[in-house]
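Examining the three-dimensional arrangement
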Amino acid sequence: MRRKFIAGNWKMNHGPAATSEFFNKFTAELKEAGDVLEAAAKGTEEIALFVPAVSLLTAVNAAKGTPVIIGAENMHWEKSGAFTGETSGPMITEIGATHVLIGHSERRHIFRETDEELNKKVHAAIECGLVAVLCVGETLEEREGGKAFNVIKKQFAEGLKGIDGDTLARKMIIAYEPVWAIGTGKTASDADAEEVCGFIRRLAKESFCENTADELIILYGGSVKADNTRGIISQPDIDGVLVGGASLKADSFMQIIKNAL
Ligand code: PEP
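So, a few notes on the structure that sits alongside this text. Within each chain, residue numbers correspond to sequence positions counted from 1 in written order. Only residues with pLDDT of at least 70 get local features here, since the model is predicted, and only at 80 or more are side-chain atom pairs given and counted; chain-wide, interface and lining totals rely on the full set of residues. Where side-chain values are given, they derive from all heavy atoms of the structure, hydrogens and water being excluded.

Notes on the overall build of the chain
Short version of the rule: A run of H or I in DSSP becomes a helix once it reaches four residues, and a run of E becomes a strand once it reaches two; helices and strands are each numbered from the N terminus. Radius of gyration: C-alpha atoms only; globule rule: 2.2 Å multiplied by the number of residues to the exponent 0.38. Note on contacts: a residue pair qualifies if any of its non-hydrogen atoms lie within 4.5 Å across the two residues. None of His or the chain ends enter the tally, which takes Lys and Arg as positive and Asp and Glu as negative. Lys charges are placed at NZ, Arg charges at CZ, Asp charges at CG and Glu charges at CD.
Each helix and strand in the chain was counted, giving 13 helices and eight strands. For the chain, the C-alpha radius of gyration of 17 Å lies close to 18 Å, the compact-globule estimate for 261 residues. With the C-alpha coordinates aligned to their principal axes, the bounding extent of the chain is approximately 45 × 45 × 35 Å. For the chain, restricting intrachain contacts to residue pairs at least 6 apart in sequence, the fraction spanning at least 24 positions comes to 73%. Seen as two clouds, the 29 positive and the 37 negative side-chain charges of the chain have centres 1 Å apart.

Here it is as structure tokens:
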């Protein structure tokens, strides 16, 4: 049985003060949520928040004593050096964060990050002990042009170059986030999301082996809210969700976590 993984991505929202405010409310709600705490203790559901670099330390401290995992939204592949404005993997682990998002569609499309660069980030993350959440997803134009599966196949193959099956299954997570569903309010239907997540699992089987495919955690992301979580999470190849806008408020994120149980 694969564990569920429910994650929020705050993007460029919530500096340290807003992070403290979020955690004050969220940890109070968590104390009242016996079923969520029980699932986290049993390891059947993991809860994660990917927060801006400037809020990592506040989030790590605020999450102490709770099962909430804290991750960064991006990292550079070098450990240190002349890369003004960047954050390295060792800097992220020094703060106490354990996970990192790699290749979110905003990084791919706004900041023009390439599959080759993302592959370097994946290797660097794993080398310093971070769990790498590699995001893949097609644009609306690519979907309408019938290219969605080829795009996912390329992002998967190139992002994972040089990674072995055990590493993929145990130290990575794949998030399928169709670009046209991110921040638009247009969720992929449960069947559309399952079709691509099932395709990713088959890619894992063909590229690695059946065990890797069976163990791999695959998330769906794109306008996930409390009221569409149950339908998405009940799909056989979807193990969790990556939530943008609806993770910014403690109560809406908590409702998603509860609906995913
Ligand atoms: C995201 O940022 O990863 C995301 C899925 O955003 P939203 O839920 O707001 O569509």
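Description of the packing of helix α6 (residues 115–127) against helix α8 (residues 148–159)
Quick reminder of the rule: Each axis is a line fitted through C-alpha atoms, and for a helix only the stretch in contact is used; angles between axes span 0 to 180 degrees, taken between their N-to-C directions. For classification purposes, angles smaller than 35 degrees are called roughly parallel, those larger than 145 roughly antiparallel, those between 65 and 115 roughly perpendicular, and all remaining angles oblique.
Two elements in contact, α6 and α8, have axes separated by 8 Å at closest approach and are oriented at 45 degrees. The angle between α6 and α8 falls in the class oblique. Of α8, the residues touching α6 (which contributes D115, N119 and V122) are K154, Q155, E158 and G159.

Here we look at the side chain of R107
What counts is decided by this rule: Per-residue accessibility, obtained with a 1.4 Å probe over protein chains only, is compared with the maximum for each type, and a residue is labelled buried under 20%, exposed over 50%, and partly exposed between these values.
Topologically, R107 is positioned in helix α5 (residues 105–109). Of the residues examined, R107 reaches a relative accessible area of 19% and is grouped as buried. Apart from the residues within four sequence positions on either side, R107 is in contact with N74, R112 and E113.

A short note on the site of the ligand
The line we're drawing: Note on definitions. A residue lies near a molecule or strand when any single heavy atom of the residue is within 4 Å of it. For this analysis, a polar contact is any N or O atom pair within 3.5 Å, provided that within protein one partner can donate a hydrogen and the other can accept it, and provided that sequence-adjacent residues contribute only side-chain to side-chain pairs. Every accessible area reported is derived by Shrake-Rupley at a probe size of 1.4 Å, with residue values counting cover from the shown protein chains alone. Here the term charged refers only to Asp, Glu, Lys and Arg, the term nonpolar to Ala, Val, Leu, Ile, Met, Phe, Trp, Tyr, Cys and Pro, and the term polar to all other amino acids, Gly among them.
In the vicinity of the ligand, 15 residues are found, and the nearest of them are K11, E177, G183, S223 and G244. Between E177 and the ligand, the recorded distance is 2.8 Å, taken from a side-chain N or O atom to an oxygen atom. Here G244 contributes a backbone N or O atom positioned 2.8 Å from an oxygen atom of the ligand. Look at the ligand: alone it shows 290 Å² of surface, and the protein chains cover 95% of it. Split by residue class, the shell around the ligand holds five nonpolar, eight polar and two charged.

Notes on helix α2 (residues 34–42)
Rule in force here: In this description, the arc belongs to the directions extending from the helix axis to the C-beta atoms.
Among the residues of α2, V36, A39 and A40 are the ones counted as buried. Angular distribution of buried residues about the axis of α2 spans 100 degrees; they occupy a single face of the element. Seen from the buried face of α2, the exposed residues on the opposite side, beyond 90 degrees, are A41 and K42. If you follow the buried residues of α2, they end up packed against α1 (16–32), β2 (45–51) and α13 (250–260). Taken from the residues just after α2, G43 is the one with a positive phi, measuring 80 degrees.

Things to note about the sheet that holds strand β4 (residues 99–102)
How we decide: The criterion for strand pairing is that DSSP finds at least two bridges linking the strands in question.
Overall, parallel pairing links the eight strands, which are arranged β1-β2-β3-β4-β5-β6-β7-β8 in a closed barrel. Strand-to-strand, the axes of this sheet are offset by a mean angle of 25 degrees, without reference to chain direction. When strand β3 (residues 68–72) meets β4, the two strands line up parallel, connected through two bridges. Residue A72 lies in a different strand from β4, and its bridge partner there is V100.

Here we look at the packing of aromatic side chains
Using the following cut-off: Two rings from Phe, Tyr or Trp (for Trp, the six-membered ring) form a pair when their centres are within 6.5 Å of each other. A pair whose planes differ by under 30 degrees is stacked, one over 60 is edge-to-face, and the rest are tilted.
As enumerated under the stated definition, the model contains eight aromatic pairs in all. Seen from their ring centres, F22 and F23 are 5.5 Å apart, and the 75 degrees between their planes marks the pair as edge-to-face. Accessibility expressed as a relative area gives 2% for F23, which makes it buried. Considering the side-chain rings of F23 and F26, the 6.5 Å spacing of their centres and the 85 degrees angle between planes classify their relative orientation as edge-to-face. Remark: F26 and F23 occur in helix α1; sequence separation between them is three residues, near one turn of the helix. Through successive ring pairs, a cluster of aromatic residues spans W10, F22, F23, F26 and F253.

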